[in-house]
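Chain residues, written in single-letter form:
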Amino acid sequence: MNRMLVRQPGMFSLLQDSGRHGSQQYGVPVNGPMDEWSARLANALLGNEEGAAVLEITLTGPSVSFEQDMMIAVCGARFDIRVGDRPLPYDRAVLLRKRTPLVFGERQDGARAYLAVRGGFATDAVLGSRSTNVRGAFGGFQGRALQRTDAVPVPARRRGEAGLALARQLVQSGLPMVSAPAVPGCALPPLPPLSPAPAPSTTPATGKTGRVRFIPGPQWARFSSAAQADFTSRPYVISNQSDRMGYRLEGPALALREALEMVSEATPFGTVQVPPDGQPIVLMADRQSAGGYPKIGYVISADLPRLAQALPGESLLFLPVTQEQAEALWLEFEDRLRQARQAAAAALA
Amino acid sequence: MTKIPPPAASAAASAFAVPAPQDSPQVDFDRKTSMTSHQIEAVGDRCLLVRLGDKAGIETSRTVHAVVALLQKKLTTGIVEIVPAFTTVAVHYQPLAFPRGRGPASRQLAKQIETLLARGVEPLADSGRLVEIPACYGGEFGPDLDDVARQVDLSPEEVVAIHASLPLTVYAFFFSPGNPFAGPVDPRLQVPRRKSPRTLVPAGSVAIANGITSIYQSASPGGWNLIARTPWNLFDIHASPPTRLQLADRLVFKPVDEAQFAALLEPRP
């Protein structure tokens, strides 16, 4: 028996695995990580199974320790993470000595960090998944975000695990943590350069401008040509009313050519739907399984992690790509993850 | 002037033991329906949508459920899950599972689905379940009942009698876990959604809009017309399946009074 002891929970720290698949037919949302890249990468760095449960940390991080020596990895949003007076390195396996506080300090970049533990968080699965469904209060750890004094089950160390060299080093060094070598290729694939320069924003943006690529959706042609032009050339600002369910965007209103009678249908991760007020919403990890607003497009899967790391106040430029391009970019994403997994295994051997 | 509903509806409403519904079509189990009217489209880069109609209704729903059963049985490689909606079937897939060099995964999977649908779709046997679901109409539990009655030019009692007369087929679950959508609601009760949605609809609320009845399984914001409330809980993560109702179930609402409602009230987890 090994547990993660929570001294400070952070603002909104949730267990998420690769999502609750198979229950959308019952109206159960998928949930899962907002940033699939970082969550899967953190697991890959430890040699975990795909879809092992990780801790998604949003905006402010927790302070935790483990009852036994624990191999961990942190990916995603950058925080000043401390183990004693030393910074915890990102994007590699780290063996943390038992009862040593892991303290998330100031956030430097991005919205969500992912903490993986060797073997994955070991709470009971609900409907086949350990993802937290906050609205339904099930899954994850007691169906909710972490709270102070929680003790979250994690796997005990097993004999014969990879990382023996690291374990020896921890014993011999007497240090609070030892880390495996850095793994190359832990950054998302870069975006192509932008041309021409974007039109000025009509909504004041406080943050930076990001780019997301999208596939035009089934109702694309039903939007006015002005709406099509605005959506692909003007920045849209992420509103404060954005959460794990959806990112609400503010910008030029997107009008239909004429009113549409819509029947609710599937809304996958990244669906950009447009309610009657013309302000688009990108549906994220906690979206409902179906929805009835016109869909102007789908953010490509390969760019969803970028979006998941964007903060309210930042603005987005939407760049159209073809279905084929989107699918090729996703395979590139998967290939990069596989390479990182292989490199991590070599680093631990 | 209040229109009088035809005798069939009021007769059925007065006797809650509901006879076999007349709208249940004869199903010929030897016949396979050739799927000529469908359309497969990619929705994003990890999901296909099979479009089987453009209006919610019993026939379309029957086809949707039959196609879900077929695809769940026949598609094996790379399928994440298959999800029915009113007129469409969503096939969520894992692109990595499809061989490279044979074109985009979406096209490979669409071809497989085309082939399966071209061979014909076995009609599903009716679920055989007729579910009587208690509902307390009007008052605090159905605050929009009077307004609905005014809109359709009937008395509240007539609205209740009509709504509780014929079975409604469960088309799909979404909005919240276990939240059913069922129809068709009698055309005499055709009302749109409310102009201004409520910020909080109590759990259990029975609502109608655009020819469909839904039951708010969880308390949430909502814009439908609330005509009743059921004491039943419809979702339990520990049950298998977790929904109390099933796709294609035929629901008959059984009016109960407040005392009966209180006696039947189930805790919601």
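Presented here is a report on the structure given in the accompanying data block. The residue numbers shown here count from 1 along each chain, following its written sequence. All chains are assigned letters beginning at A, and all ligands numbers beginning at 1, according to the order in which they are written. Only residues with pLDDT of at least 70 get local features here, since the model is predicted, and only at 80 or more are side-chain atom pairs given and counted; chain-wide, interface and lining totals rely on the full set of residues. The basis for the side-chain values is all heavy atoms of the structure; hydrogens and waters are excluded.

Aromatic contacts are taken between Phe, Tyr and Trp rings whose centres are within 6.5 Å, Trp giving its six-membered ring; a plane angle under 30 degrees counts as stacked, one over 60 as edge-to-face, and the others as tilted. For the coordinates displayed, the defined rule picks out 17 aromatic pairs over all chains. Between A:Phe214 and A:Phe231, the ring centres sit 5.0 Å apart and the planes meet at 75°, which makes this aromatic pair edge-to-face. A residue pair is termed long-range when its members are at least 10 positions apart, and A:Phe214 in strand 11 (residues 209-216) and A:Phe231 in helix 3 (residues 225-233) qualify at 17 residues. Relative accessibility thresholds used throughout: buried, under 20% of the residue-type maximum; exposed, over 50%; partly exposed, between the two (1.4 Å probe, protein chains only). Take A:Phe231: its relative accessible area is 0%, and that puts it in the buried class. With centroids separated by 4.3 Å and ring planes inclined at 40°, the aromatic side chains of B:Phe141 and B:Phe261 adopt a geometry described as tilted. Here the residue B:Phe141 occupies a position in the loop between strand 5 (130-137) and helix 4 (145-152), and B:Phe261 occupies one in helix 6 (residues 258-264), the gap between them amounting to 120 residues. Both residues of the pair, B:Phe141 and B:Phe261, belong to the buried class. The rings of A:Phe214, A:Trp220, A:Phe231, A:Tyr236 and A:Phe318 are connected pair by pair, giving a single aromatic cluster. Only DSSP runs of H or I covering at least 4 residues are called helices, and only runs of E covering at least 2 are called strands; the numbering of each starts at the N terminus.

All names here are of chain A. In this analysis, strands are considered paired if DSSP registers two or more bridges between them. Pairing in this closed barrel of seven strands is mixed, and the strands run 11-18-15-16-13-12-19 around the ring. Adjacent strand axes in the sheet meet at a mean angle of 40° when their direction is disregarded. In this sheet, strand 19 (residues 315-320) lies alongside strand 12 (residues 236-238) in antiparallel orientation, the contact comprising two bridges. Bridge pairing links Val237 to Ser315 in strand 19. Any two residues whose heavy atoms approach within 4.5 Å are treated as being in contact. Where helices are involved, their axes are fitted lines through C-alpha atoms of the stretch in contact, as for all axes, and angles between N-to-C directions lie from 0 to 180°. Together, strand 11, strand 12, strand 15 (271-273), strand 18 (295-299) and strand 19 form the strand contacts of helix 3, whose direction differs from that of strand 19 by roughly 115°.

This part takes up the interface of chain B and chain A. Between chain B and chain A, the residue contacts involve 42 residues of the former and 38 residues of the latter. What gets called buried area is simply the loss in accessible area from a 1.4 Å probe that two parts show on being joined, summed for both. Three residues stand out in chain B for area buried against chain A, namely B:Asp45, B:Arg46 and B:Glu81, and they jointly supply 19% of the buried area on that side. Here, a salt bridge means any Lys or Arg side-chain nitrogen found within 4 Å of an Asp or Glu carboxyl oxygen. The tally of links between chain B and chain A comes to four salt bridges. The partner of A:Glu324 in a salt bridge is B:Arg107, and the shortest N-O contact between them spans 2.3 Å. N or O atoms within 3.5 Å of each other form a polar contact, as long as, within protein, one can give a hydrogen and the other can take it, and as long as residues adjacent in sequence are counted only when both atoms are side-chain atoms. Seen at the junction of chain B and chain A, the total is 14 residue pairs in polar contact (both at pLDDT 80 or more). Ranked by residues supplied to the side of chain B that touches chain A, first place goes to strand 3 (residues 79-84) of chain B with five residues.

The end-to-end C-alpha separation of helix 3 (residues 105-118) of chain B is 20 Å, in line with the 20 Å expected for 14 residues at 1.5 Å each. Along helix 3 of chain B, the residues classified as buried are B:Ala105, B:Ser106, B:Gln108, B:Leu109, B:Ala110, B:Ile113, B:Leu116 and B:Leu117. Turning to helix 3 of chain B, the residues buried within the fold contact helix 5 (323-348) of chain A together with strand 1 (39-42), strand 2 (47-51), helix 2 (58-74), strand 3 and strand 4 (88-93) of chain B. Downstream of helix 3 of chain B by one or two residues, B:Gly120 has phi in the positive range, about 110°. Multiplying 1.5 Å by the residue count of a helix minus one yields the expected span of that helix.

Turning to the layout of surface pockets, a few remarks are in order. Computed from the structure, the second largest pocket encloses a volume of approximately 770 Å³. Forming the walls of the second largest pocket are 43 residues, and the residues nearest its centre are A:Ser18, A:His21, A:Glu36, B:Arg46 and B:Gln94. For the lining of the second largest pocket, the elements supplying multiple residues, two or more each, are helix 1 (36-46), strand 18 and helix 5 of chain A together with strand 3 and strand 4 of chain B. Each residue gets one of three labels, nonpolar for Ala, Val, Leu, Ile, Met, Phe, Trp, Tyr, Cys and Pro, charged for Asp, Glu, Lys and Arg, and polar for the others, Gly among them. Residues that form the lining of the second largest pocket fall into these classes: 19 nonpolar, 13 polar and eleven charged. Think of a 1 Å grid over just the protein atoms. A cavity is a set of points where a 1.4 Å probe fits yet cannot get out, a pocket is an open set with protein on both sides within 12 Å along at least five of seven lines, and lining residues have an atom within 4 Å of a point. Grid points are joined across faces, edges and corners, and a volume is the space filled by probe spheres set on the points.

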